[in-house]
Amino acid sequence: MAKMVRRTCAFCPEGEAGSIMYIAKERNIAAHQDCLLFSSGFVESEEYNPDNLDIRFDVASVLKELRRGKRLMCNFCRKKGATVGCEERACRRSYHYFCALCDDAAIETDEVKGIYRVFCPKHDPGNRTNHYGGANKRRRCALRASTITTQMNTEETAEENSLEILKRKNNRHKVRIDFLRKCKQAGLLDDIFEEMLDTLHLAQEKLMDDNTSETEYEETVMSLFDCGLFENILTNIHSGTEEKIQELLESRKRLDNKIELLQDLKEVILPTQENSASTSSVASE
């Protein structure tokens, strides 16, 4: 069976995340290692050998996963090809791997056990009170039953999960920052922001159009809130509105004081004018 050939990006520093790629010249296919490992329907070759990473992936399996991805839309960029699904079984969010990083998804890896998992921000284990047990872990490697000789008890698993979550949180920002720096170096930032603006304009048109179906309307609203940007903007607007309200209340208080002073002056000035008018009338008589 044809295999993908392992290559390393010549422009990336040694050991850089995302620098390892696999290619199949005869099918004109190239894929990042992480895009392959974290794809939900992908399984490594049964011939996988940690000492020989050149035969890690079958071309046929990669093509099958690519076909599956054509039906899946990314929750972040809204484009097809999103093969990386949230590990929460009830969740239907899917991503491209690097879109998952941009969307602040939780990445969990255990190379020894062949476990590569992604949780969307809503189902991030670090934001929940429970830990995911071994039964929920999806194994990417076609490991033989004979190789699994021991099981960790619940306390050890929980402790390892806690350490893994802490490590992941410490590394997550670095991964995203490095990714955007590479986009900048490659001259892609302008294209990315143009695409984001086009997506936002399309969402605006759908929300403003009275003919938009209820389902499409709800999906658009959920997408805006799920990406985090919309919620952050609303939070900023709310904060600015509160500040404006306080400014107007202070301004109204000052105006009320001025009105009260003017009313006092009016009461003082008007009797004086009336007395002057009476004196003039008596004098004329």
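Preceding block: the structure.
The rules behind each value
- Residues numbered from 1 in each chain as written.
- Predicted model: local features only at pLDDT ≥ 70, side-chain atom pairs only at ≥ 80, totals over all residues.
- Heavy atoms only, no water.
- Axes fitted to C-alpha atoms, helices over the stretch in contact; angles between N-to-C directions.
- Helix = DSSP H or I, 4+ residues; strand = E, 2+ residues; numbered from the N terminus.
- Parallel < 35°, antiparallel > 145°, perpendicular 65-115°, else oblique.
- Left-handed = near helix turned anticlockwise from the far one by under 90°.
- Contact = heavy atoms within 4.5 Å.
- Nonpolar A, V, L, I, M, F, W, Y, C, P; charged D, E, K, R; others polar.
- Patch = residues over 30% accessible without salt bridge, like charges linked within 9 Å, V, L, I, M, F, W, Y side chains within 5 Å.
- Areas by Shrake-Rupley, 256 points an atom, 1.4 Å probe, with all protein chains shown as cover.
- Salt bridge = Lys/Arg side-chain N within 4 Å of Asp/Glu carboxyl O.
- Pairing = 2+ DSSP bridges.
- Core = buried A, V, L, I, M, F, W, Y, C linked by side-chain atoms within 4.5 Å.
- Buried < 20%, exposed > 50% of the residue type's maximum accessible area, 1.4 Å probe, protein only.
- Arc of directions from axis to C-beta.
- Phe/Tyr/Trp six-rings, centres within 6.5 Å; stacked < 30°, edge-to-face > 60°.

The geometry of helix α5 (residues 189-208) relative to helix α6 (residues 214-226) is characterised by a closest axis approach of 10 Å and an angle of 140 degrees between their N-to-C directions. Accordingly, the angle class assigned to the pair α5 and α6 is oblique. Crossing of α5 over α6 shows left-handed handedness. Between α5 and α6, the contacting residues are Leu 200, Ala 203, Lys 206 and Leu 207 on the first element and Glu 216, Tyr 217, Thr 220, Val 221 and Leu 224 on the second. Taken together, the residues that form the contact of α5 with α6 break down as 6 nonpolar, 1 polar and 2 charged.

Our next topic: a nonpolar patch on the surface. A cluster of nonpolar residues, Leu 262, Leu 265, Val 268 and Ile 269, forms a patch on the protein surface that exposes about 390 Å² of accessible area. Considering the arrangement of structural elements, one finds Ile 269 in helix α7 (residues 229-284).

Pairing is antiparallel in the open sheet, where 3 strands are placed in the order β1-β2-β3. At either end of the open sheet lies a strand with only one pairing partner, and these are β1 (5-8) and β3 (29-32). On average, each strand axis in the sheet is tilted by 30 degrees relative to the strand beside it, whichever way the strands run. Where β1 meets strand β2 (residues 20-24), 4 bridges bridge the pair, whose relative direction is antiparallel. Its bridge partner lying in β2, Arg 6 is registered against Tyr 22.

Membership of the largest hydrophobic core comes to 30 residues, with the highest contact counts inside it found for Met 4, Leu 36, Phe 38, Phe 57, Val 62, Tyr 97 and Val 118. Counting residues per element, the ones that place at least two in this core are β2, β3, α1 (33-37), α2 (59-69), α3 (97-102) and β7 (115-119). In this view, Val 118 contacts Phe 38, Val 84, Gly 85, Cys 86, Glu 87, Ala 100, Ala 105, Ala 106 and Ile 107; residues no more than four positions away in its chain are not counted.

Moving on, we come to the environment of Gly 114. Note that Gly 114 resides in the loop between β6 (106-110) and β7. The class of Gly 114 is buried, set by a relative accessible area of 2%. Considering only alpha carbons, one finds Gly 114 and Leu 37, 77 residues apart in sequence, at a separation of 9.0 Å.

This part is about α2. Along α2, the residues that are buried comprise Val 59, Val 62, Leu 63, Glu 65 and Gly 69. With its buried residues spanning 165 degrees around the axis, α2 presents them on a single face.

Going through the model one piece at a time under the given rule, you end up with 4 aromatic pairs. An angle of 25 degrees between the planes, with centres 4.9 Å apart, marks the rings of Phe 38 and Tyr 97 as stacked. Of the two residues, Phe 38 sits in the loop between α1 and α2 while Tyr 97 sits in helix α3, which places them 59 residues apart along the sequence. Of the two residues, Phe 38 and Tyr 97, both sit in the buried class. Each ring, one from Phe 38 and one from Tyr 116, has its centre 5.6 Å from the other, and the planes form 80 degrees; the classification is edge-to-face. With Phe 38 in the loop between α1 and α2 and Tyr 116 in strand β7, this pair connects stretches of sequence that are 78 residues apart. Put simply, the rings of Phe 38, Tyr 97, Phe 98 and Tyr 116 touch in pairs and so form one group of aromatic residues.

Applying the stated criterion across every chain yields a total of 5 salt bridges. Ionic pairing is found between Glu 195 and Lys 79, a salt bridge with its closest N-O pair at 3.9 Å. Of this pair, Glu 195 sits in helix α5 while Lys 79 is found in the loop between α2 and β4 (84-85), placing the two residues 116 residues apart along the sequence.

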